[in-house]
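Breakdown of the fold
What follows is the residue order along each chain.
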Amino acid sequence: YLLKNSPHEIDQVATLVRRIDHNRHVRVLVVDDSRAFRAYLAKLLNLHHLQVLEAKDGREALDIIKDHPGIELVITDYCMPEMDGLALVSALRQLYPRFELAIIGLSEQSSVDLSLRLLKSGANDFIYKPFLVEEFYCRVIQNIEQIELIRTIRDVSVRDYLTGLYNRRYLFEAGETLYAAARRRHINLATVILDIDHFKRVNDNYGHLAGDRVIREVARILSFGVRQSDLIGRYGGEEFCIFLTGLESNDLEIVLERLRSAVEATRISHEGTEIQVTISLGATLNLADSLQAMIDRADACLYQAKQGGRNRFVI
Ligand code: GH3
Ligand code: MG
Ligand code: MG
Ligand code: MG
């Protein structure tokens, strides 16, 4: 390849390298039938601390991307023997939307409308060979930054700021999905609502900052107490909601008691003193007519737990 780059030019782009230094773990898949060209691109990308995986054609690229989650960018050649760039872009777009995986087409000018066809198939960007290293870097960085920005925005939009748990909006959105799946498969969906006992006293006695710390700590204990596949979120001020699938009645009791006792056993240090809180939990297991109906049932159980003296669960 006739690359229009001098070593001097590579020095100049070293300043760009610093910009995405924090992207140390970003994974890029390079797809090209020329081993030498793949190695060249890998070297350029490694300069930016990007982790590079290589594939020699579209078919191999699809295998690799399925086995390696976390690839954010695919840079693909057009002309390849097994599966060409156009077919690869189309196949990838069936699997990943544009805001989850960026694709840059990279090819010689073989026809006037090649870049157009790749873009229409779903590529985010296109570069003709030979290219300026600086342009290559600019496009790579811009595409990665866009993917990461969208990821950050999505993350912020589903998380509760104080605790890092899911927020109420996402909790119910994802809850509806779990509920529909439970209906289809005729399985239970445990729905748990819990509330910190006498939380007003914490705020009154120790101040709002201490109250916030208690909420965060309880959130941490709760998320340790459930499985990765369970859905847990902050429902209100000091109220939380958990959806758990695949539980029998006995398991639910065990989970609720584990959460209750874990919170009770914790001492939260604040300005030299230790704060202890308890939680009350309400839960229901069998499917009701709607997710809202299940939440209402769990809420009614929570009310009973409060009436019954707090620091307990009711199913
Ligand atoms: P109960 O045992 O009946 O639940 O008594 P409680 O005092 O906990 O009563 P309630 O649940 O009604 O009180 C919730 C309090 O939580 C009221 C509100 O000021 C406080 N709160 C809500 N959100 C936050 C928050 O984000 N931070 C802090 N520090 N306090 C909050
Ligand atoms: Mg080729
Ligand atoms: Mg409360
Ligand atoms: Mg409350």
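The structure contained in this document is the topic of the report that follows. (Residues numbered from 1 in each chain as written. Chains lettered and ligands numbered in written order. Predicted model: local features only at pLDDT ≥ 70, side-chain atom pairs only at ≥ 80, totals over all residues. Heavy atoms only, no water.)

Concerning the overall build of the protein chain
Of the regular secondary structure elements, the protein chain holds 12 helices and 12 strands. With respect to the three principal axes, the spread of C-alpha positions in the protein chain is 80 × 50 × 25 Å. Across the 315 residues of the protein chain, 48% fall into the buried class. Taking the intrachain contacts of the protein chain between residues at least 6 apart in sequence as the baseline, contacts between residues at least 24 apart amount to 68%. Within the structure as shown, the protein chain displays about 16,300 Å² of accessible surface, and the carbon and sulfur contribution to it stands at 50%. For the protein chain, the distance from the average site of its 39 positive side-chain charges to the average site of its 44 negative ones is 1 Å. (Helix = DSSP H or I, 4+ residues; strand = E, 2+ residues; numbered from the N terminus. Buried < 20%, exposed > 50% of the residue type's maximum accessible area, 1.4 Å probe, protein only. Contact = heavy atoms within 4.5 Å. Areas by Shrake-Rupley, 256 points an atom, 1.4 Å probe, with all protein chains shown as cover. Lys, Arg positive; Asp, Glu negative; His and termini not counted. Charge placed at Lys NZ, Arg CZ, Asp CG, Glu CD.)

Some details on the coordination of the magnesium ion (ligand 3)
Ideal geometry at a metal centre gives angles of 109.5 degrees when four donors are arranged tetrahedrally and 90 or 180 degrees when six donors are arranged octahedrally. Within the protein, the magnesium ion (ligand 3) binds to Asp195 (OD), Ile196 (O) and Glu238 (OE); these donor distances fall in the range 2.0 to 2.3 Å. What the six donor atoms of the magnesium ion (ligand 3) show is an angle range of 76 to 171° at the metal, which sorts the shape as octahedral. Sequence spacing of the donor residues for the magnesium ion (ligand 3), all on one chain, is D-I-x41-E. Between the two metal centres, the magnesium ion (ligand 3) and the magnesium ion (ligand 4), the spacing is 3.5 Å, with Asp195 acting as a shared donor. Remark: Glu238 occurs in the loop between strand E7 (231-234) and strand E8 (239-245) and Ile196 occurs in strand E6 (residues 189-196); sequence separation between them is 42 residues. Neither residue differs from the other here; Ile196 and Glu238 are each classed as buried. (Donors = N, O, S within 2.8 Å, 3.2 Å for Na, K, Ca; no water. Tetrahedral: all angles 85-135°; square planar, octahedral: opposite > 155°, others 65-115°.)

With respect to the packing of helix H3 (residues 35-46) against helix H7 (residues 133-158)
Contact geometry of H3 with H7 gives a least axis separation of 11 Å together with a crossing angle of 65°. Taken together, H3 and H7 sit at an angle that is classed as roughly perpendicular. The two elements H3 and H7 cross, and the hand of that crossing is right-handed. Residue-level inspection shows Tyr40, Leu41, Leu44 and Leu45 of H3 in contact with H7, the latter providing Val133, Phe136, Tyr137 and Val140. Looking at the contact of H3 with H7 residue by residue, the class counts come to eight nonpolar, no polar and no charged. (Axes fitted to C-alpha atoms, helices over the stretch in contact; angles between N-to-C directions. Parallel < 35°, antiparallel > 145°, perpendicular 65-115°, else oblique. Left-handed = near helix turned anticlockwise from the far one by under 90°. Nonpolar A, V, L, I, M, F, W, Y, C, P; charged D, E, K, R; others polar.)

A closer look at the nonpolar core
Core analysis: the biggest nonpolar cluster contains 33 residues, and Val192, Ile196, Val214, Val218 and Phe240 have the highest contact counts within it. For this core, the secondary structure elements donating two or more residues are E6, helix H9 (199-206), helix H10 (208-225), E8, helix H11 (249-265) and strand E11 (279-284). Looking at which element gives the most residues to this core, the answer is H10, with seven residues. In contact with Ile196, other than residues within four places in its own chain, are Val214, Ile215, Val218, Glu238, Phe240, Val277, Thr278, Ile279 and Lys306. Leu53, Ile64, Ile103 and Ala123 belong to the second largest nonpolar core, which has 24 residues in total. (Core = buried A, V, L, I, M, F, W, Y, C linked by side-chain atoms within 4.5 Å.)

Geometry only, nothing functional implied.
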